[in-house]
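The primary structure of each chain is shown beneath.
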Amino acid sequence: MTARAQVRGVGHYLPDRVVPNAAFEDTLDTTDEWIRSRTGIERRHFAAEGQTTSDLATRAARAALEDAGLEAADLDAIVLATSTADLTFPSAATMVQANLGMERGFAFDVQAVCAGFVYALTNANALILSGQAQRVLVIGAETFSRIMDWTDRGTCVLFGDGAGALILERAEGDGTAADRGILATDLHSDGRHRDILYVDGGVATQTTGHLRMQGKEVFRHAVEKLAATAHTALDRAGLGPEDVDWIVPHQANLRIIKATASRMGVPMDKVVVTVQDHGNTSAASIPLALSVGVARGQISRGDLVVTEAIGGGLAWGAVVLRW
Ligand SMILES: CC(C)(COP(=O)(O)OP(=O)(O)OC[C@H]1O[C@@H](n2cnc3c(N)ncnc32)[C@H](O)[C@@H]1OP(=O)(O)O)[C@@H](O)C(=O)NCCC(=O)NCCS
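(A) Spotlight on the overall build of the chain. Summing up its helical and strand segments, the chain has eight helices and 13 strands in all. Against the globule reference of 20 Å for 323 residues, the chain gives a C-alpha radius of gyration of 18 Å, in line with a compact fold. In terms of overall dimensions, the chain has C-alpha extents of about 60 × 45 × 40 Å along its principal axes. Going through the 323 residues of the chain one by one, you find that 58% of them count as buried. Considering only contacts in the chain between residues 6 or more positions apart, those separated by 24 or more positions represent 75%. When the accessible surface of the chain is totalled, it reaches about 13200 Å², and 48% of it is carbon and sulfur. Charged side chains in the chain number 29 positive and 39 negative. The centres of these two groups are separated by 3 Å.

Encoded structure:
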């Protein structure tokens, strides 16, 4: 018997306010047509004034708990991927812990920007396999609208706010690729590329700062690195592209999603795409897409799912799991 971290529940939350591309035409030299054709994005959700990342995360967590038929008291840990925590500290994860009324266990944030959820899943998997936790709530939640420079058309039209959550639970498998649960993971970072995607504020500047990006450079790295990490994770699981039921990629740009699927040798009808409705929600994009993919009837129990993401750092990675 082999321990596996299996998905027990999934859920998401999107703020009510939906902003279509055309809304940017009033204040920026841009068009709905440019944004759609270069990115695939049509609209995004923005948090209401005063609504924080931990608020969004708590809503997604409640939805995942309900889906799993569990209470907060049944959880051992919360791992929350975010780069937009409410405060410098404490972690947004401990805020969610309090909001859920969870009085035991432990909670912490993971900061790997858009790769955050892949990092969080990998960490939660390790906690479960090491026996540290039986059930882990893994959340990706962001309010990137708080770190946009609204005068920079090259970035502010790309991002959105939202949250998604999964509950992972320890179960026994046979140790084969037919097991449900996380089958393989692959993580990377390369800090030499810090200047192509970063926020120019933080403790060092005593400001929150704004997101800065060299879009073309990020695009180039994304297309090259995402397919490679997905292949490595599949290899580790003893599987190949032909075994994939769904790619659930980080939702940054439809052109990156298509190029990665093509390099992986997986057709687009096996890719869950939500970028048109959510924009890039950074660490929230994969759990949002997983939850929407299940709600649409695309992902079902037993399906082989590959998630892959890249973001600031650069940090990137992939997780192969059987749903
Ligand atoms: C940002 C991105 C969409 C830009 O698309 P692109 O085809 O590379 O476009 P470029 O950056 O070369 O810019 C081309 C022109 O469009 C302009 N442009 C940029 N944003 C624009 C906008 N919203 N509307 C209209 N024009 C815009 C640029 O200013 C540039 O004009 P110029 O040629 O006069 O200088 C693309 O680079 C991208 O998606 N990169 C990856 C970003 C990403 O996903 N980051 C997150 C990863 S986690």
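Following the structure, the description resumes.
(B) Structural detail: the site of the ligand. Within the structure, the ligand sits among 23 residues, and Thr-30, Arg-38, Arg-153, Lys-216 and Asn-253 are positioned closest to it. Between the ligand and Lys-216 there is a distance of 2.7 Å, counted from an oxygen atom to a side-chain nitrogen or oxygen. Calculation on the ligand without its partners gives an accessible area of 950 Å², and the protein chains cover 73% of this total. The element best represented in the shell around the ligand is helix α5 (residues 215-236), accounting for four residues. When the residues that make up the shell around the ligand are grouped by side-chain class, the tally is 10 nonpolar, eight polar and five charged.

(C) Representation of the packing of helix α2 (residues 53-68) against helix α3 (residues 92-100). Interhelical geometry of α2 versus α3 gives an angle of 55 degrees and a closest axis separation of 9 Å. Here α2 lies oblique to α3, going by the angle between them. In this structure, the crossing between α2 and α3 has a hand that is right-handed. Residues Ser-54, Ala-57, Thr-58, Ala-61, Arg-62 and Leu-65 of α2 touch α3, and the partners they reach there are Ala-92, Met-95, Val-96, Asn-99 and Leu-100. A breakdown of the residues in the contact of α2 with α3 according to their chemical character gives seven nonpolar, three polar and one charged.

Cut-offs and rules
Residues numbered from 1 in each chain as written. Predicted model: local features only at pLDDT ≥ 70, side-chain atom pairs only at ≥ 80, totals over all residues. Heavy atoms only, no water. Helix = DSSP H or I, 4+ residues; strand = E, 2+ residues; numbered from the N terminus. Rg over C-alpha atoms; globule rule 2.2 N^0.38 Å. Buried < 20%, exposed > 50% of the residue type's maximum accessible area, 1.4 Å probe, protein only. Contact = heavy atoms within 4.5 Å. Areas by Shrake-Rupley, 256 points an atom, 1.4 Å probe, with all protein chains shown as cover. Lys, Arg positive; Asp, Glu negative; His and termini not counted. Charge placed at Lys NZ, Arg CZ, Asp CG, Glu CD. Near = heavy atom within 4 Å. Polar contact = N/O pair within 3.5 Å; in protein donor to acceptor, adjacent residues only side chain to side chain. Nonpolar A, V, L, I, M, F, W, Y, C, P; charged D, E, K, R; others polar. Axes fitted to C-alpha atoms, helices over the stretch in contact; angles between N-to-C directions. Parallel < 35°, antiparallel > 145°, perpendicular 65-115°, else oblique. Left-handed = near helix turned anticlockwise from the far one by under 90°.

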